[in-house]
Structure formats: C-alpha cells, structure tokens
Amino acid sequence: MPAIVTVDSLEKTYADGFKALSGVSLDIEQGEVLALLGPNGAGKTTLISTICGLVQATGGSVRVDGHDIVTDYRKARALIGLVPQEITLEPFDKVINSVRFSRGLFGKPRDEAHIEKTLRQLSLWDKRNSRIMELSGGMKRRVLIAKALAHEPRILFLDEPTAGVDVELRRGMWETVAGLKNDGVTIILTTHYIEEAEAIADRVGVISKGRILLVEDKDTLMNRMGRKQLRIELHEPVSELPDGLSEHDLELVDGGDALIYTYDTTGARTGITRLLSDLSEAGIVLRDIQTSQSSLEEIFVGLVQEENAA
Amino acid sequence: MMGLNWRGVAAIYRFEMSRFFRTLLQSFVSPVISTSLYFVVFGAAIGSRIDEVEGVSYGAFIVPGLVMLTVMTQAISNASFGIYFPKFIGTIYELLSAPVNFLEIVLGYVGAAATKSLFIGTVIMVTASLFVDMQVLHPLSMLAFLLLTCVSFALFGFIIGIWAENFEQLQLVPLLIVTPLVFLGGSFYSISMLPPVWQWITMFNPVVYLISGFRWSFYGVADVPIVSSLLAIGLFLGLCLGAVWWIFRSGWRLRP
C-alpha cells in the first residue's frame, strides 16, 4: 500500500521548552486504520495537531498525498478531516448548519445529498434541526465526526474518539470507523484504550515521550511479542506440583484446580506436547484446556516500561 | 482573486451574520435606544440651551459623532467577540485546520463585523433624522468614511479578539482606550471650543480625524483638513492590516 501521509523527522518544542515530538517519522498507508497508542502526554495530540495545521512544527516535514503541509497547505488540508479530542462546538448552532458550515469552510460546493448521507450514517438525521446544546454527549461527538466528514476527506484523524464514552457508544464508534474504512477513508486514531486499538486497527503505533517506539501490523505485533498461556483444568485438585513437572514453566492456581503454562509462540517449540505427556505420566487427569494470548495492553506496558528504563 | 477560497469566506460570513440575526434584539434595539437617549439628553434637554456650533444646530452637530461612536464600538465588539469566542470554546480548531488563508478568515470575520456596524450606523442615522434636521452635503465622502471606519475598526477588534486571553482583556481595550478616545475626539463638541493646550493635545487623538472628516461630509465643517482625515483612516487601516498579516504569518496566539 502506498503511503498517503509521510511524516519525516517531525520535531515540536513548545515555547516553554517542552519537547513534545522528538524526530517522529511515520508512513500512514492509504486505506488503513492506524491506532496511535500512548500514555497521556506522549505526544499523540501534538502529532495529530501538527499534521492538521493547529500546531507549527519546529523541525521536519509532513507530506499529505505529496503535498507539504506548510508550503502546499491548501491541498494538504483539503484531504484531511479532524475530529478533536474535546467536544468543541458552537452551542447555539443547529446540527445541519454546523455541518454545512464545515463543508463551506473547506471550499466545497453545497451538497445536501452528501450532508444527509453523513448525518444518516451517524444517526443524526432526526436531530438535524436541533441546537447542539440540546444534544447528549455521544451525539455531540458524532456531530464532530459529521463536521469532519462534511468535505469528503480521504484521511480522517480521530483524537481519542472514545475518551469518556460508555461501552455501548464506544462500540457504535468502532462500527462507524469500520464503515468509513469500507468507504476507503484512511483513519488515524489516538487512544489509550488498548482494547480499542485491538478491536479496530490494522496497524498499531506506540508513542511515548514524543518518540514512535514501533509501528507494526497489529497481528504481527501480537504474534511477535505475544506470549500465550495454556490453562489446564484438573479433574482432581492437587496440593503441589508433582516432581516430574518441575522443568516446565507451570503455576498452580485456583487452589490446585488448574495449572497455567506460559510459552512463547515465536519459539521453535512450544513444549506443549511434552508437557501433556509428562502430565499423563504423573497421573494427572485433565478436565479441560484452553489457551489465551497476551493482550496488546501487556505488550504496550512492557514497551513503555522499557522506554522509561532506558 | 481566482485562487481565494470564496466558499470558505462565505461560510464564515454567513455564520457570523447568523449570530447577529439570532440576537437581533440586542444587536439592533440597544443601539437605537441608546442613541435616542443621547438625543433626548444632549439634543433636546441640554442642546436646546447650547448655541449653534459652527452654524449647525447642536442636535444636528452631534449626529456624525454619535454615529461614529456607535459604529466604532460595535465594529470592535462584534469582530473581537467573533474571533475570541471560537478561541474560548475551542471551535477555532476547525478554522486552523481548514484550507483557508489569513485573508479569507479576515474577509469573513471582519466583513461580517463591518456589515453589522454599517447596518447599525445606518439605523442610527435614520433614528437621528427623526429627532433633528440633518443634511448630507457630500454623500459619497460620507459613505466612504463610514465604510472605512467600519472596516478598519472591525479589523482592530479582530486583533483585540486574537490578543485577548480572557473576557476582561476583551473589554479592556474598548473600555480604557477606545471609548475615551471617541468621547474626547469631538463627538459632542468642536475642537475649536477647547483651550489651546487641549486643542494641541487632541491632535494626537486619531479619532478626531475620523469624526472631523465624517462631520465634514454632512455639514461641510471640519476641525482638520479633509485630506488629513483620509490619511488618518488610511494609515489606521494599513496598520491593522499589517498587524493581522503578521499575526497569521507568525501564528501568534493562534498556532503554538
């Protein structure tokens, strides 16, 4: 996939001396959903804000579909829609007027059909004539998305789209993102919910202290760094591990009802076959077995801790 | 001018005007009432005891000054609020991430603020004509002064709105600088009525030139030569334009 956004050695030092971005380089591929994961203050919002034109970079460059965001800002910005983290809307404005305004601001001719489609897609059509201050928090957030989509951008930046949003709305948001991806929109979202990146991203970038620690295909990342656990439920509880099993990385849990075996999926051998035969040799009868993969969260915490220790 | 994002300009302009219409009562009725009060107090009550000023009845003499007073304060408050409010509630992000340049933003915001103040200025002149006999000797010049004042003070207000970091600051410049300058700028008197020292000091007040030129358009009497009035408003307009250009170039108070 060709890159639609190319970030090259981007630097941002604020006037107070705070260095928010330290040489960030990143290729965003056309049509992908990229999740930027990082703790608070990692530089996620600064990175997005710089690409979108809200913050001036102090070094490096960004190209959007080949257009430099400074020298060719009109063409670059015309391709981008931005959904900010905070709910920032003119409270007295009507929903539909607010969305029309956004389209006009980007220099697009009136297109009521597109506005209707966008509002319907976000379940806002029935509320089109409501004043924004009359809407619930979740609806306001969708108005922000509708505004960002009003000018038919090819790239959509969502800054913490589900921060402080309840579970049901979060799932709704994920469906919206999936729908947009199907329409061919490239989506970059920041989040500190690992669950969110896991659910909707194609690739995950981890950012901490203004640096990109890694950008990788989500599945590859999880496979590469993932540790798997095998949970073995026992027919009869045991009080301690039989001697013959001490060479395996086993842990006795649930008062002796189950064993947890941790192994690395990237290793040449997982050791499961031997474990199972050793178990039967020790006369342990199994009731059930299940495997689980470590989540992105564990991977992420590990990475950030490594970075902090360095 | 082909390259300008005119739709963007129109979107901002419409948005700003819609706020004006939404608060029509405030925008329209309050200047009418305050002007009427000025006429009752200065025109009828006090004015009836004052002789003609430079051959013009006192009530008629203060009309251009009153119009200027309202137009300037309205242009400043509308434009400063127009750009300050998005900064305050955060909706400015949309403006900064849109493919619009400083000229388009200024055309939208300043154009709308100038339109509103022009509208209110016209309303005041119509209201005034109900109270006093007035004439306009040089209509074209009158229109030019009115327009230039609306635009340049809207620009000035726009700068204040970008500069202001809270609501107090937003009120500070109009209250502490503009209102005194306008009141001491000959809105209600002719400069020639002042003692010589004050006449000299007054010459440093830029508003004197504007009111003088505007009044000349009505009655043909002026405190300063009409050319210097035009130069003064031109200079002020140029300074404001330069400041706005610099603000957007540097990102001052807008783009960290």
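Refer to the preceding data block for the structure.
Residues numbered from 1 in each chain as written. Chains lettered and ligands numbered in written order. Predicted model: local features only at pLDDT ≥ 70, side-chain atom pairs only at ≥ 80, totals over all residues. Heavy atoms only, no water.

1. Quick word on the layout of surface pockets
Here is the rule we go by: Points on a 1 Å grid, built from protein atoms alone, make a cavity when a 1.4 Å probe fits but cannot get out and make a pocket when they are open with protein on both sides within 12 Å along at least 5 of 7 lines; residues with an atom within 4 Å of a point are the lining residues. Grid points are joined across faces, edges and corners, and a volume is the space filled by probe spheres set on the points. Secondary structure elements follow DSSP: runs of H or I of four or more residues count as helices, runs of E of two or more count as strands, with numbering from the N terminus. Amino acids are sorted into nonpolar (Ala, Val, Leu, Ile, Met, Phe, Trp, Tyr, Cys and Pro), charged (Asp, Glu, Lys and Arg) and polar (every other residue, Gly among them).
Approximately 590 Å³ is the volume attributed to the largest pocket. Every residue lining the largest pocket is counted, 27 residues in all, and those nearest its centre are Val 70, Tyr 73 and Arg 77 of chain A together with Phe 248 and Arg 255 of chain B. Of all the secondary-structure elements, those providing two or more residues to the lining of the largest pocket are helix 1 (44-52), strand 4 (59-64) and helix 2 (73-78) of chain A together with helix 4 (92-97), helix 5 (102-131) and helix 10 (226-250) of chain B. Each residue belonging to the lining of the largest pocket can be placed in one class, and the counts come to 16 nonpolar, seven polar and four charged.

2. What about helix 3 (residues 95-105) of chain A?
Here is the rule: Relative accessibility decides the category of a residue: with a 1.4 Å probe and only protein chains considered, values under 20% of the type maximum give buried, values over 50% give exposed, and everything between is partly exposed. We call two residues in contact whenever any of their non-hydrogen atoms come within 4.5 Å of each other.
Most of helix 3 of chain A sits out of view: nine of its 11 residues are buried. Those residues of helix 3 of chain A lying buried are Val 95, Ile 96, Ser 98, Val 99, Phe 101, Ser 102, Arg 103, Gly 104 and Leu 105 of chain A. Looking at the buried side of helix 3 of chain A, the elements it contacts are helix 4 (112-121) and helix 5 (137-149) of chain A together with helix 1 (6-22) and helix 4 of chain B. Downstream of helix 3 of chain A by one or two residues, Gly 107 of chain A has phi in the positive range, about 80 degrees.

3. Things to note about the interface of chain B and chain A
Operational definition: Buried area: the sum, over both parts, of the accessible surface (1.4 Å probe) that disappears when the two are put together. Salt bridges are defined as contacts in which a side-chain nitrogen from Lys or Arg sits within 4 Å of a carboxyl oxygen from Asp or Glu. As used in this structure description, the phrase polar contact means that two N or O atoms lie within 3.5 Å; if the pair is within protein, one of them must be able to donate a hydrogen and the other to accept it, and residues adjacent in sequence are counted only when both atoms belong to side chains.
Facing the 28 residues of chain B at the interface are 30 residues of chain A. Here chain B packs against chain A, burying approximately 2600 Å² in sum over the two surfaces, 57% of which is carbon and sulfur. Per-residue buried area on chain B facing chain A is highest for Tyr 93, Glu 94 and Pro 99 of chain B; these three make up 26% of the total on that side. On the surface where chain B and chain A come into contact, there are three salt bridges. Across the salt bridge formed by Glu 104 of chain B and Arg 74 of chain A, the nearest N and O atoms sit 2.6 Å from each other. On the surface where chain B and chain A come into contact, there are 14 residue pairs in polar contact (both at pLDDT 80 or more). Elements represented by at least two residues in the side of chain B that touches chain A include exactly helix 1, helix 3 (58-89) and helix 4 of chain B. Here the side of chain B that touches chain A gets six residues from one element, more than from any other, and that element is helix 1 of chain B.

4. Things to note about the nonpolar core
Selection criterion: In these notes, a set of buried Ala, Val, Leu, Ile, Met, Phe, Trp, Tyr and Cys residues joined through side-chain atoms within 4.5 Å is what counts as a nonpolar core.
In this structure, Leu 47 of chain A together with Phe 158 of chain B are the most contacted members of the largest nonpolar core, which totals 146 residues. Here the element with the most residues in this core is helix 3 of chain B; it accounts for 15 residues. Beyond its immediate stretch of four places on either side in the chain, Phe 158 of chain B contacts Ala 79, Ser 80, Ile 83, Ile 105, Val 106, Tyr 109, Val 110, Val 244 and Phe 248 of chain B. Grouped together as the second largest cluster of nonpolar side chains are 11 residues, Leu 234, Leu 259, Tyr 263 and Ile 284 of chain A included.

5. Digging into the sheet that holds strand 2 (residues 19-29) of chain A
Residues and elements named next belong to chain A. Worth spelling out the cut-off: Any two strands with at least two DSSP bridges between them are considered paired.
Strand order in the open sheet formed by four strands is 2-1-4-5, and the pairing between neighbours is antiparallel. Each having just a single partner strand, strand 2 and strand 5 (67-68) make up the two edges of the open sheet. Direction of pairing for strand 1 (residues 3-13) relative to strand 2: antiparallel, over a ladder of eight bridges. Bridge pairing in strand 2 places Val 5 opposite Ile 28.

6. Some points on the pairing of strand 7 (residues 155-159) of chain A
Residues and elements named next belong to chain A. Threshold: Here a crossover is taken to be right-handed if, once the strands point away from the viewer, the path from the first strand over the helix to the second is traced clockwise.
Of all five residues in strand 7, five are buried; the element is thus mostly enclosed. Of the two faces of strand 7, both are covered, the one formed by Ile 155, Phe 157 and Asp 159 as well as the one formed by Leu 156 and Leu 158. Bridge analysis of strand 6 (residues 80-83) against strand 7 gives four bridges, and the strand direction is parallel. Each residue of the ladder has a partner; that of Gly 81, found in strand 7, is Leu 156. The sheet contact formed by strand 7 and strand 8 (residues 186-191) spans five bridges and is parallel. Across the sheet, Ile 155 pairs through a bridge with Thr 186, a residue of strand 8. For the segment spanning strand 7, helix 6 (residues 167-182) and strand 8, crossover handedness is right-handed.

7. Regarding empty space enclosed by the protein
The final tally for this structure, using the stated rule, is two cavities of 30 Å³ or more. There is about 150 Å³ of room inside the largest cavity. Lining the largest cavity we find 13 residues, and of these Glu 90 and Phe 101 of chain A together with Phe 15, Thr 91 and Glu 94 of chain B sit closest to its centre. Mapped onto the lining of the largest cavity, the elements with two or more residues apiece are helix 3 of chain A together with helix 4 of chain B. Top element by residues in the lining of the largest cavity is helix 4 of chain B. It accounts for three residues.

8. Re the sheet that holds strand 13 (residues 258-264) of chain A
All names here are of chain A. Selection rule: Orientation is described by axes fitted as lines to C-alpha atoms, over the contacting stretch for helices, and by angles from 0 to 180 degrees between their N-to-C directions.
Pairing is antiparallel across the open sheet formed by four strands, whose spatial order is 12-13-11-14. A single partner strand is all that each edge strand has here, and the edge strands are strand 12 (250-253) and strand 14 (286-293). Sheet twist, expressed as the mean angle between neighbouring strand axes with direction ignored, is 20 degrees. Pairing between strand 11 (residues 227-234) and strand 13: seven bridges, direction antiparallel. Following the sheet pairing, Lys 228 is matched in strand 13 by Tyr 263.

9. As for the side chain of Ser 141 of chain B
All names here are of chain B. Assignment of secondary structure puts Ser 141 in helix 6 (residues 139-163). Of the residues examined, Ser 141 reaches a relative accessible area of 18% and is grouped as buried. In terms of polar contacts, Ser 141 uses its side chain to reach the side chain of Ser 217, at 2.6 Å. Setting aside chain neighbours within four positions, we find Ser 141 in contact with Trp 216 and Ser 217.

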